[in-house]
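# Architecture at a glance
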Amino acid sequence: MGEVLALGEMLAARTVWRAGQGVATRRDGEPSGHAALDAALPDGGWPRRALTELLLPSDGVGEIALLLPTLARLTAAGERVVLVAPPYLPYAPSWQAGGIDLGWLEVIEAEPKQALWAFEQCLRSGACSAVLGWPQTGDARALRRLQVAADSGDCCAFALRDRRHAVNASPAALRLEYLPGEHAWQVRKCRGGQVPAQPLRLAH
Amino acid sequence: MLWACILLPQLALDAVLRRLPDPETPLALVEGPAQLRSLHSVNESAAAAGLRAGMRLAAAHALLAGVRTVAHEPAAEARWQRFLAAWAYRHSSLVSAQWPHAIVLEAQASFRLFGPWPRFAQRLREELQTLGFRHRIALAPTPRAAHVLAGLRDGLAVRRPEALRTMLDGVPVRRAALPGEAGERLQRMGLEHLGQLRALPRDSLRRRFGLDLLDHLDRLYGEADDPLQCYAPPDHFDSRIEMGYEVETHTALLFPLRRLLGDLCTYLSIRDGGVQRFVLRLEHEEGHTDVEVGLLAAEREPGMLFELSRNRLERVALEKPVVALRLLARELPPFVPAARDLFDPRPQQALDWPQLRERLRARLGDESVYRLAPADDPRPERAWRRVFGEDDAPHAQAPGRPPRPAWLLPQPVPLRDGRLRVLSGPERLESGWWDGQDARRDYYVVETARGQRGWAYVAPGAREGWMLHGWFA
């Protein structure tokens, strides 16, 4: 009992909350493997049953490294991860070196139009625990469908898109934008919490 | 054991009549060479007009000008006998079609399921009536005796071996289905009944008529085992639905398709098998179009098979009208249903992965869903491969090498960037001299002006002519 805890810390950890300011959200997100990111996100990780949007200036800025700890953990636990119409060939030795169990990583090849359908099917099926897609469209309705499908299929959806879509509204639960100048990720939107003001520099 | 024999006196004729809308009009089956056509069998109204089997076709036409004739096909007859054997297989596990025009089935074991013999026999008769086959049924303790009794009189039922002996002793020798000409010859020798024949010394009978006769008698009376060629259901499925009209749209094919797949799944569940590959044959007036449906694992769920076949079917352009749809399944592997936890908290409308995969493959193409596995070649473009299906290969470990990019470009592309920064390298790669795809490259990890980390190579020792081969992501 002699231990003294700072109230601020407990508030930050959401073990104590102020009455009248809404209930604390449950921190039941999918841990991202990056401590700084987990701490900044209201769910304590990637939101489950929801769409996460990664807004990229170009391919190859560390988007896979950002997701890799989660994907590695899921595949190692025997959960299925699906890549729907990836923009390049996923290079097997590299993904394996990153800790992915290739037996649980499925790749689907599809044309852009079919890719959205395949993305939604995978999300809705409930047979996958994480699905990565590269939707080309800026259509908010398509994204809403993905969001609903992720919810009904109990699945983490990751949409990797061009950062020019950042200005458009999106139904995604979480939006992260990569800032190439600062080599950092900026949270643009997160459901159920305050958007962190500072970009997050993650080591990967 | 009690054996029931169903005798089909008009198998060939019934097979033709059952597909005609008006079986009452005079009809005759015709056989023989074109110059010497004769009647194989006739229906009742033709018989009433005086037509008889064996009559010359010209004579038949003279008697009844309007008689309809259909060519007799022995192969069709055999096919219908197999069909009836398959039908009988629903009522008993021991079914034989080894004697022409007859189906023999073991009945006693089925009494528990279908009730005592009178009710069971009634059921058989009703079903045969519905199928449209004239029949005579008899029951006896041995299959051969049942066969003989069915030929003697319809509805005979003998249960006890002693009663059978008495009954058989009174059977005329000509009607006892004796092998070869023995029946005729014995008749001419003055022997009337089987009882008299059995009283003769066996040795002299064997000398005069051969061993076959004695074997037949022993098996008839149940004194020797009678090995039957039992019917086994075929290990393939072939069914066909003929359209009433010419079909030119996909939608009109969906109903018959659903029927065929329903039949297939019923058949599969009887066999306790699944289907992995089947062909939908769209038959045109001339020729046909095949739509192949292949699955990565055996399945037998009608809804899923329908959805897959529908997707495949809709990708095929109907260039000619379709007159019939046929489903052929040659490979029926054993089916292992996916184990599922009773309390598995799965979302509604959930699919398991094999179903989802088949749905994706049906729409996107057979080779569109795969897993990755490392391969042993040091050349990056060959250091991986696709794995289709349930192969366990992805568990192979890639050898340890310097960092590799997550994304590989399908083809290396020239990289023109004035502000290219080399982060690490070179890693020299010299390989492939053995198969003509010789590769000599120095790989570097580079950073482009836009902050992307790329994997690029140049010729050994050079600093010009960068080729981009992958992205670190």
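Below or above, wherever it landed, is the structure these notes cover. Quantities reported herein were computed from a predicted structural model and do not represent experimental measurements. (Residues numbered from 1 in each chain as written. Chains lettered and ligands numbered in written order. Predicted model: local features only at pLDDT ≥ 70, side-chain atom pairs only at ≥ 80, totals over all residues.)

Let's shift gears to the overall build of chain B. Looking only at helices and strands, chain B features 15 helices and 18 strands. Burial status across chain B gives 32% buried among its 473 residues. Across chain B, every contact between residues at least 6 apart in sequence was considered, and the portion connecting residues at least 24 apart equals 55%. (Helix = DSSP H or I, 4+ residues; strand = E, 2+ residues; numbered from the N terminus. Buried ≥ 20, exposed ≤ 12 C-beta atoms within 10 Å, placed from the backbone. Contact = placed C-beta atoms within 7 Å.)

This next bit is on the interface of chain B and chain A. Of the residues lining the interface, 40 residues belong to chain B; the matching set on chain A comes to 39 residues. Taken together, the elements giving at least two residues each to the side of chain B that touches chain A come down to helix H15 (353–364), strand E12 (369–374), strand E14 (407–414), strand E17 (453–458) and strand E18 (467–472) of chain B. In the side of chain B that touches chain A, the residues fall into 25 nonpolar, 6 polar and 9 charged. Looking at chain direction, strand E4 (residues 105–108) of chain A and E12 of chain B are connected through 3 bridges and run antiparallel. Residue pairing for E12 of chain B: Glu106 of chain A is matched across the bridge by Arg371 of chain B. (Nonpolar A, V, L, I, M, F, W, Y, C, P; charged D, E, K, R; others polar. Pairing = 2+ DSSP bridges.)

All names here are of chain A. Looking at the element boundaries, Glu30 is found in the loop between helix H1 (7–12) and helix H2 (35–40). Here Glu30 falls in the partly exposed class, since 19 other C-beta atoms lie within 10 Å of it. Considering only alpha carbons, one finds Glu30 and Gly44, 14 residues apart in sequence, at a separation of 7.4 Å.

Within the largest apolar cluster, 87 residues are counted, with the highest numbers of intra-cluster contacts made by Val84, Ile108, Ala130, Val131 and Ala157 of chain A. Every residue in contact with Ile108 of chain A, bar those within four places of it in the chain, is listed here: Val82, Leu83, Val84, Ala85 and Ala118 of chain A together with Leu360, Leu364, Ser368 and Val369 of chain B. Counting 62 residues, the second-largest nonpolar core is a separate cluster that includes Ala85, Leu139, Leu164 and Leu220 of chain B. (Core = buried A, V, L, I, M, F, W, Y, C linked by C-beta atoms within 7 Å.)

Now for the pairing of strand E7 (residues 136–140) of chain B. Residue and element names in this part refer to chain B. For E7, a buried count of 4 out of 5 residues is recorded, marking the element as mostly surrounded by other parts of the structure. Relative to E7, strand E1 (residues 3–7) runs antiparallel, the two being bridged by 5 bridges. The residue of E7 that forms the bridge with Leu7 is Arg136.

Looking now at the sheet that holds strand E9 (residues 275–283) of chain B. Strand pairing in a sheet takes place through backbone hydrogen bonds and is either antiparallel or parallel in direction. Residues and elements named next belong to chain B. The strand order E8-E11-E9-E10 describes an open sheet built from 4 strands, whose pairing is antiparallel. A single partner strand is all that each edge strand has here, and the edge strands are strand E8 (237–247) and strand E10 (288–299). Geometrically, the sheet is characterised by an average inter-axis angle of 15 degrees between neighbouring strands, direction not taken into account. By the bridge criterion, 7 bridges tie E8 to strand E11 (residues 322–331) in an arrangement that is antiparallel. Bridging from a neighbouring strand, Val247 pairs with Val322 of E11. (Axes fitted to C-alpha atoms, helices over the stretch in contact; angles between N-to-C directions.)

Time to look at H15 of chain B. Helix length check: H15 of chain B (12 residues) gives 16 Å between terminal C-alpha atoms against 16 Å at 1.5 Å per residue, within 8%. Those residues of H15 of chain B lying buried are Gln355, Leu356, Arg357, Glu358, Leu360, Arg361, Ala362 and Leu364 of chain B. Those residues of H15 of chain B hidden inside the fold are in contact with E4 and helix H5 (112–125) of chain A together with E10, helix H14 (302–314) and E12 of chain B. Positive phi shows up at Gly365 of chain B, right after H15 of chain B, with a value of about 115 degrees. (Expected span 1.5 Å × (residues − 1).)

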